[in-house]
Amino acid sequence: MHRNSIEVSTKQRRIAELARQSPEMAFTSLAYLMDIDWLFEAYRRTRKDKAAGVDGVTAAEYEQDLEGNLQRLLDRAKLGSYRAPPVRRVYIPKGTSKTEVRPIGIPTLEDKILQRGVVMLLEPIYEHDFLDCSYGFRPGRSAHQALKSLWKQTMAIQGGWILEVDIRKFFDHLSHEHMRAFLQHRVRDGVLKKLIHKWLKAGVMEDGSISYPDSGSPQGGVVSPILSNIFLHYVLDVWFEEEVKPRLAGHAFLIRFADDFAIGFRNERDARRVMEVLPKRFGKYGLTIHPDKTRLIDFALPSKSACVAEANSDDGPGTFDLLGFTHFWGKSRSGTWVVKRKTASSRFGRAVRSIAHWCRNNRHRPISEQHIKLRQKLNGHYAYYGITGNYVALKRFHFEVERRWHKWLNRRNRQRELLWTQFNALLRRFPLPNPRIVHRDT
C-alpha cells in the first residue's frame, strides 16, 4: 500500500472511532487532518481520464508540478481563498435518441481533487451514521447487495405490499438551506462548511455564459453523492426508522440506492398510510414525489391456482421495478413460489438500442476492433444483469447483439450481402461471450 494511503487510513480510523464513541457530537475540527499527503492520496483516487473542466487543465499538465500545485490548492482551501470554478455543462444523448439529451457537469481536475479530499474526511463520520437500508455510493456497498436484501425481505414477508417511489429531479432540487442544516448536526468545521457552501453555489457554464443554481447538488462533483446521501439520510432513512416504523401495525422495510428506493409492507393499511404522508414529508424539504411514477403494488404471494404467466407479466399487477430489474413471483424448479428478477424492459430496450447505435457508427472499423469492443459491452452487461434467474434475458440480449452486429456489418458494402452463413463463420473466428450468471443467490 502507498505510504499516503496508510497515513490517510490511520487518520480515517481515528475519525470513525470518534464518530462511533460520540454519535451526537459535531466535529468542529477536521480540516487540520487534510495535509499535503492527504491531497496526494486524493489525487491518486481521482479519475484522470475524463474531459477537462472550464480551465482546460489535463492531468498530464497538472502533474508537471504536482507537489507545487497540490500545496497551492491546500493553502487556498485552508485560507478560505479557494474559489469553486464553474462546472462545464455538456449534453449527451439520452440512450440513443437524437433529440432527447441529458446534461452532465464536468468539474475542473483541481476541484475534483479537493472534493475528493473533503469526501475522505466526511466518509468515516457518515459511514457510522448511515443506516443499513442505504446502499448507493458507499464504500463496500453495491446495487447487488441492495437487490439481495430486497429479495430476502420480500421473501420473508411473502411479498406483502411494495411502494415504488420516484422523486422528481432529486439532484436538481436538493435544497441548499436544508443541506447546510443537516450538515450542522455532525460537521461544524469552518473550512469544510465554506468549501461545501462554495460547491453548492458554484456556477454552471454553458455556451460561454454562467448561471448560478438556487438548489441542487454539485453537477458532476465527487462530493455530490455523499451530500445526497446525507440529505436523504435525514429526510427519509432516519424518519422511516424512528418515526414511521414504530407506528405501523406490521413489519416494513426500506431499500434505498441513492434517490432510487422502494418500501415493503406486510400490512396494506400501513402501506396506504405511508403512501399518503410521503409527499408531505418530501415537500417539507423542497422535494416532489412524482404522482404518475409512484405506485403501490399488491405483491402478495400468489395463490396456488395463480398462473405463472400472469405473475411474469411486465405491466400487470404483482410486479415492480427497482435498480434495473423487474421483480415478480414465479415458480422455482421445485415448484414453490419465489421472487424472481429479470432485466426491466426499459433497460433491456435501452441496452439494445445502445448496441445498435454503436454498431452503426463503428461499422467501418476493422472487425477485430469491433469484436473487442462488443466483448467488453457484453461482459459489462453480464456483470450487472447476470443474477440468478435472469439467464433467459441475458441469452436474449446476446442474440440481439449478434443481430445488430450482422445488420450493420451487412451495410458496410451495399453491393455485397453478408449472408448468415458467412456471419456465423465470422462468429466462429470472433466469438462473442456467452451469457453467464455472475451474482448467485446464496
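Criteria and thresholds
Residues numbered from 1 in each chain as written. Predicted model: local features only at pLDDT ≥ 70, side-chain atom pairs only at ≥ 80, totals over all residues. Heavy atoms only, no water. Helix = DSSP H or I, 4+ residues; strand = E, 2+ residues; numbered from the N terminus. Buried < 20%, exposed > 50% of the residue type's maximum accessible area, 1.4 Å probe, protein only. Contact = heavy atoms within 4.5 Å. Areas by Shrake-Rupley, 256 points an atom, 1.4 Å probe, with all protein chains shown as cover. Lys, Arg positive; Asp, Glu negative; His and termini not counted. Charge placed at Lys NZ, Arg CZ, Asp CG, Glu CD. Pairing = 2+ DSSP bridges. Axes fitted to C-alpha atoms, helices over the stretch in contact; angles between N-to-C directions. Salt bridge = Lys/Arg side-chain N within 4 Å of Asp/Glu carboxyl O. Parallel < 35°, antiparallel > 145°, perpendicular 65-115°, else oblique. Nonpolar A, V, L, I, M, F, W, Y, C, P; charged D, E, K, R; others polar.

Undergrad: Sorry, what's going on with the overall build of the protein chain here?
TA: When helices and strands are counted, the protein chain shows 16 helices and eleven strands. Principal axes of the C-alpha set define a box for the protein chain whose edges measure 70 × 65 × 45 Å. In the protein chain, which comprises 442 residues, the proportion classed as buried is 48%. Once local pairs closer than 6 in sequence are excluded, the contacts in the protein chain between residues at least 24 apart make up 71%. Of the roughly 22600 Å² of accessible surface on the protein chain, a fraction of 49% belongs to carbon and sulfur atoms. In the protein chain, 74 positive and 48 negative side-chain charges are present, and the distance between their average locations comes to 6 Å.

Undergrad: Which parts of the structure should I look at to understand the sheet that holds strand β7 (residues 260–265)?
TA: Pairing between sheet strands relies on hydrogen bonds along the backbone, with the strands arranged either parallel or antiparallel. Spatially, β6-β7-β3-β8 is the arrangement adopted by the four strands of the open sheet, whose pairing is antiparallel. In the strand order of this sheet, the two ends are held by β6 (252–257) and β8 (295–298), each with one partner. Taking each pair of neighbouring strands and ignoring which way they run, the sheet shows an average axis angle of 20°. As defined by bridge partners, β6 adjoins β7 across six bridges and the pair is classed as antiparallel. Across the sheet, the residue bridging to Phe 253 is Gly 264, located in β7.

Undergrad: Got a minute to help me understand the environment of Gly 159 in this structure?
TA: Examined against the element boundaries, Gly 159 turns out to sit in the loop between α6 (143–156) and β3 (161–165). The class of Gly 159 is buried, set by a relative accessible area of 0%. Counting along the chain gives 67 residues from Gly 159 to Ile 226, while the straight-line C-alpha distance between them is 31 Å. Residue contacts for Gly 159: discarding those within four places in its chain leaves Thr 154, Phe 265, Phe 299, Ala 300 and Trp 329.

Undergrad: Honestly, the pattern of salt bridges in this entry has me stumped. Any pointers?
TA: For side chains bearing opposite charge, pairing can occur when the charged atoms are close. Summed over the entire model, instances satisfying the criterion amount to 19 salt bridges. Linking Glu 17 and Arg 20 is a salt bridge whose minimum nitrogen-to-oxygen distance equals 2.5 Å. Here Glu 17 pairs with Arg 20, and both are found in helix α1 (residues 3–21), just three residues apart, close to one helical turn. Since its relative accessible area comes to 47%, Arg 20 is described here as partly exposed.

Undergrad: I'm lost on the sheet that holds strand β9 (residues 320–322) in this one. Help?
TA: The sheet built from three strands is open, its strands ordered β9-β10-β11 with antiparallel pairing. Of all strands in the sheet, those bounded by a partner on one side alone are β9 and β11 (337–343). Geometrically, the sheet is characterised by an average inter-axis angle of 40° between neighbouring strands, direction not taken into account. As judged from the seven bridges shared by strand β10 (residues 325–331) and β11, these two strands associate in the antiparallel manner. Note on β11: the bridge partner recorded for Phe 325 is Thr 343.

Undergrad: Hey, could you run me through the packing of helix α13 (residues 345–361) against helix α14 (residues 367–385) in this one?
TA: Between two packed helices, the angle of one axis relative to the other and the distance separating the axes together describe the packing. In contact at an axis separation of 11 Å, α13 and α14 are set at 170° when each is read in the N-to-C sense. Relative to α14, the element α13 lies roughly antiparallel. Note on element contacts: α14 touches α13 through Gln 370, Lys 373, Leu 374, Lys 377, His 381 and Tyr 385, opposite Arg 347, Ala 351, Ile 355, Trp 358 and Cys 359. Each residue belonging to the contact of α13 with α14 can be placed in one class, and the counts come to six nonpolar, two polar and three charged.

Interpretation note: all reported values are geometric properties and have no functional meaning in isolation.
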